[in-house]
Amino acid sequence: MNVKALIRTVNHTLKLHDIFPENSRIMVACSGGPDSMALLYLLQDIATHRHTEYELGVAIVDHCIRSESKDEVLWLRNQVEILGLPFYTATIDVPKLSEEQKLSEETIGRQVRYQWLTDIAQSEGYDYIAVAHHKDDQAESILAHLIRGTGLNGLTGMAVVTNDYSIPVVRPLLDVTKEELLLYLKEKDISYCVDRTNEDVRYQRNRIRHRIIPELETINPNVVNTIVRLGNSVREDVILISQLTDTAFNELVTISEEGASISRRGLRKESLAIQRRLWQRLVSILDPEIKLTTAHQEQLLDIVNTGEEKTFNIKSIKVSAQCDTIKVYCKH
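What counts and what doesn't
- Residues numbered from 1 in each chain as written.
- Predicted model: local features only at pLDDT ≥ 70, side-chain atom pairs only at ≥ 80, totals over all residues.
- Heavy atoms only, no water.
- Phe/Tyr/Trp six-rings, centres within 6.5 Å; stacked < 30°, edge-to-face > 60°.
- Helix = DSSP H or I, 4+ residues; strand = E, 2+ residues; numbered from the N terminus.
- Buried < 20%, exposed > 50% of the residue type's maximum accessible area, 1.4 Å probe, protein only.
- Expected span 1.5 Å × (residues − 1).
- Core = buried A, V, L, I, M, F, W, Y, C linked by side-chain atoms within 4.5 Å.
- Contact = heavy atoms within 4.5 Å.
- Salt bridge = Lys/Arg side-chain N within 4 Å of Asp/Glu carboxyl O.
- Pairing = 2+ DSSP bridges.
- Axes fitted to C-alpha atoms, helices over the stretch in contact; angles between N-to-C directions.

A. The packing of aromatic side chains, seen in detail. Evaluation of the coordinates by the stated rule reveals four aromatic pairs. Ring geometry for tyrosine 88 against tyrosine 126: centres 6.0 Å apart, planes inclined by 90 degrees, an arrangement best described as edge-to-face. Of this pair, tyrosine 88 sits in strand 3 (residues 87-91) while tyrosine 126 sits in the loop between helix 5 (105-123) and strand 4 (128-130); the two residues are 38 residues apart in sequence, bridging distant segments of the chain. We classify tyrosine 126 as buried; its relative accessible area is 3%.

B. Region of the structure containing helix 10 (residues 223-252). Here helix 10 spans 42 Å end to end across 30 residues, near enough to the 44 Å set by a 1.5 Å rise per residue. Of all the positions in helix 10, only Val223, Val224, Ile227, Val228, Gly231, Val234, Val238, Ile241, Thr245, Ala248, Phe249 and Leu252 are classed as buried.

C. Region of the structure containing the nonpolar core. In terms of nonpolar packing, the biggest core is built from 41 residues, with Phe20, Ile26 and Tyr184 touching the most fellow members. Elements with a contribution of two residues or more to this core: helix 1 (3-16), strand 1 (25-29), helix 2 (34-49), strand 2 (55-62), helix 3 (69-83), strand 4 and helix 8 (178-188). Examining the composition of this core, we find that nine residues originate from one element, helix 2, more than from any other. Beyond its immediate stretch of four places on either side in the chain, phenylalanine 20 contacts Leu14, Ile26, Leu43, Arg50, Tyr54, Tyr128, Ala130, Val170 and Pro172.

D. Region of the structure containing the pattern of salt bridges. The tally for this structure, following the rule as stated, stands at 14 salt bridges. Residue arginine 265 pairs with aspartate 324 through a salt bridge whose shortest N-O separation is 3.7 Å. One end of the pair, arginine 265, is in helix 11 (residues 264-268); the other, aspartate 324, is in the loop between strand 10 (317-322) and strand 11 (325-330), with 59 residues separating them in the sequence. With a relative accessible area of 19%, aspartate 324 lands in the buried category. Overlapping salt bridges, with partners in common, bring together Arg66, Glu68, Glu72, Asp195 and Arg196 in one network.

E. Region of interest: the sheet that holds strand 7 (residues 253-256). Spatial ordering of the open sheet is given by 7-8-11-10-9, a layout of five strands whose pairing is antiparallel. Single-partner strands in this sheet number two, and they are strand 7 and strand 9 (310-314). In this sheet, adjacent strand axes meet at a mean angle of 15 degrees when their direction is disregarded. Where strand 7 meets strand 8 (residues 259-263), four bridges bridge the pair, whose relative direction is antiparallel. Paired with valine 253 across the bridge in strand 8 is isoleucine 262. Docked against the sheet, helix 10 engages strand 7 and strand 8, running at close to 60 degrees with respect to strand 7. Along the sheet, helix 12 (residues 272-286) makes contact with strand 7, strand 8, strand 10 and strand 11, crossing strand 11 at roughly 35 degrees.

F. Just helix 6 (residues 135-148), in detail. Compared with the 20 Å implied by 1.5 Å per residue over 14 residues, the 20 Å span of helix 6 between its first and last C-alpha is a close match. Considered for burial, the residues of helix 6 that qualify are Lys135, Asp136, Asp137, Gln138, Ala139, Glu140, Ser141, Ile142, Leu143 and Ala144.

G. Structural context of unusual backbone geometry. Phi at phenylalanine 20 is positive, roughly 60 degrees, even though this residue is not glycine. Along the chain, the position of phenylalanine 20 falls in the loop between helix 1 and strand 1. Under the relative-accessibility criterion, phenylalanine 20 is labelled buried at 0%. Backbone geometry at histidine 51 places phi at a positive 60 degrees, although glycine is not the residue there. Relative to the helices and strands, histidine 51 resides in the loop between helix 2 and strand 2. The exposure class of histidine 51 is exposed, given its relative accessible area of 74%.

See the structure below:
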């Protein structure tokens, strides 16, 4: 894929999802690495291609994991100053937070990074946050979910647009590969930093990238595209199932100040796929922190399929079944 074709592909992704209209203010999350540097310059190329202008800002978080990260922030600041763009940076001691909260550096780093990006984007009046995940990242993400154990939602991978925060997070590069981005950087003579931790196979994502996917490519050289197509197909199915769950929920569930009630007979008429999602949705309304385990789901299905009086607890939630009615409420 040449530079023009790459720009057309990224532009098509953005148009398909109706992203980045004229004069958008976009904060680019940039580490200084090849993917995010390609994203930064591609967005400028997209603006030229569309005969419009974007107001770009560049943001980087120093996670304090590597000794050279301070120098990379300074290097990126210099690059951004040459481009004449606003620059934002923060230093967050991720290893310390990781130890305090007993969570992996990957998890803590992602949490604090997105929260800080959102705070800065909101305070500075940006419309979008752009991140540089590409097609290879998408395949790795789907495989990681599969390895950990996931339902259909985990197989959908990352969405081009997510609204988990107050500012939409956009992934314009999900339809292009790492190889295509590296060729773009070479063609445009754009410099970038190399993060040595990306080679460290102690991190799960790196093991998938450097060991599992290359092994899979010996079986199917097109495995990255194959996995991504699976994700896209599953996403379409999940959308349909979600719509069917909405309909069933509205018909079967009655919400009151005391909690919720639902008909056993009504639930039995629904497929297991709908029942499982309906239960998770109901529980999430009462306590957003609760994620139903397989064991919980089996208990709930058993309650639906028997006519016996039953009561059991799921953390803060109590489920009580009597005759045709199942009541679900928070314990006080």
